[in-house]
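Examination of the molecular architecture
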Amino acid sequence: MTSGAEGSVFETEFLGRPAVSKVRFPKKYRNPELDSVLRSRRIRSEARLLRETRKAGVRTPVVYSADMAEGTLVMEKVEGETVKSFLDAHPERARKICSMIGKDLARMHDAGVSHGDLTTSNIIVCPDGRLCFIDFSMGSYPADDEAIGVDIRLLERAFASAHPGLEEAYSALIGSYCAEKKDSDKVMAKVQEIKDRGRYT
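Here is what the cut-offs are and how they apply
Residues numbered from 1 in each chain as written. Predicted model: local features only at pLDDT ≥ 70, side-chain atom pairs only at ≥ 80, totals over all residues. Heavy atoms only, no water. Pairing = 2+ DSSP bridges. Helix = DSSP H or I, 4+ residues; strand = E, 2+ residues; numbered from the N terminus. Contact = heavy atoms within 4.5 Å. Axes fitted to C-alpha atoms, helices over the stretch in contact; angles between N-to-C directions. Core = buried A, V, L, I, M, F, W, Y, C linked by side-chain atoms within 4.5 Å. Buried < 20%, exposed > 50% of the residue type's maximum accessible area, 1.4 Å probe, protein only. Parallel < 35°, antiparallel > 145°, perpendicular 65-115°, else oblique. Left-handed = near helix turned anticlockwise from the far one by under 90°. Nonpolar A, V, L, I, M, F, W, Y, C, P; charged D, E, K, R; others polar. Expected span 1.5 Å × (residues − 1). Arc of directions from axis to C-beta. Salt bridge = Lys/Arg side-chain N within 4 Å of Asp/Glu carboxyl O.

Before going further, it helps to spend a moment on the sheet that holds strand E7 (residues 123–125). Spatial ordering of the open sheet is given by E6-E7-E8, a layout of three strands whose pairing is antiparallel. Two strands lie at the open edges of the sheet, namely strand E6 (81–82) and strand E8 (131–133), each paired on one side alone. Along the sheet face, helix H3 (residues 94–110) touches E7 and E8 and points at about 45° away from the line of E8.

Here we take up the nonpolar core. Ranked by size, the top nonpolar core spans 39 residues in total, and within it Val83, Leu87, Ile97, Ile101, Phe133, Ile152 and Leu173 carry the most contacts. If one sorts the elements of this core by residue count, H3 sits on top with seven residues.

A few words now on the packing of helix H4 (residues 145–162) against helix H6 (residues 184–196). Where H4 contacts H6, the two axes come as close as 8 Å, and the packing angle between them is 70°. By the angle between their axes, H4 is roughly perpendicular relative to H6. In the crossing of H4 with H6, the sense of the turn from one axis to the other is right-handed. Contacts between H4 and H6 involve Asp145, Glu146, Ile148, Gly149, Val150, Ile152, Arg153 and Glu156 from the first element and Lys186, Val187, Met188, Lys190, Val191, Ile194 and Lys195 from the second. Counted by class, the contact of H4 with H6 contains seven nonpolar, one polar and seven charged residues.

This part covers H6. The terminal C-alpha atoms of H6 lie 18 Å apart, and with 13 residues this matches the ideal 18 Å at 1.5 Å per residue to within 8%. Taken together, the buried positions of H6 are occupied by Ser184, Val187, Lys190, Val191 and Ile194. End-on, the buried residues of H6 take up no more than an arc of 120°, which puts them together on one face. The exposed residues of H6 that point more than 90 degrees off its buried face are Asp185, Lys186 and Asp196. For H6, the secondary structure elements touched by its buried residues are H4 and helix H5 (167–180).

Attention now goes to the pattern of salt bridges. The tally for this structure, following the rule as stated, stands at 17 salt bridges. Of the charged contacts, one joins Lys22 and Glu46 as a salt bridge, the two residues approaching to 3.1 Å between their closest N and O atoms. With Lys22 in strand E3 (residues 17–23) and Glu46 in helix H1 (residues 32–55), this residue pair connects regions lying 24 residues apart in the sequence. By the burial criterion, Lys22 is buried, and Glu46 matches it. Between Glu156 and Lys195 there is a salt bridge, with the nearest N and O atoms lying 3.2 Å from each other. Residue Glu156 is located in helix H4, and its partner Lys195 is located in helix H6; the two are separated by 39 residues in the primary sequence. Here Lys195 falls in the partly exposed class, since its relative accessible area comes to 29%. One continuous salt-bridge network, built from bridges that share partners, spans Lys22, Arg24, Glu46 and Asp135.

No statement about biological role is implied by the geometric values presented.
Structural data, given as C-alpha cells:
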C-alpha cells in the first residue's frame, strides 16, 4: 500500500487481472455530505482525465471501475519502473526518454488535460518501451493556460532537483514538446510568467 494526500493505493485483482485500487477515504474534519460530494467528484474527474489522455494517444492505466459512493477507482496495474529510477540507472538513454515525454505531454496538453503533479515519479517506462502517465488526482480538464504552464514548470523543477547533470536531456524534452504542441510559444511564455512571479520556483 502507498499513501498520499489524495488517497491510498492498494494492489488487488479485477476479474482475475492484476490491478490497483485507489481509495479516497472520508475526511473526518469535513461535513459528511460535503465530503461525499467532493470524493465522488474527484473520482469522476480522475477517471475522465485518464480516459481523455488515452483518447489523445498517450498511455495511462485502463480504468476498470469507478465507485463514486465509496470513493474508489480500480485501474490496470502498470508494469515497469518510474522514469526517475530509469534515468538514475540509464542516464545514457535520457535524451531518448525525454524526447518521448515531450511528445506525449504535448498530445496530452493539446487534448486539454493537465496532469497537476508532473514529476518523473509519475511516469512509468513500460517493458515494451512505451511511457505510461499515472496519478492524475491533481489534474484538470479542460485545462487552462495556467494549469498547462504549471505542468511544465513542475517537470522543470523535478529535473533540476532529482536529475542534476541531465540538462541536455531536459532541453530535448522541451524541444520535442514545442515541435509537437500547438501554440507552444504561448505555453512557454506562460511558463516564464510563472517563474517570473515566483510561483512553483
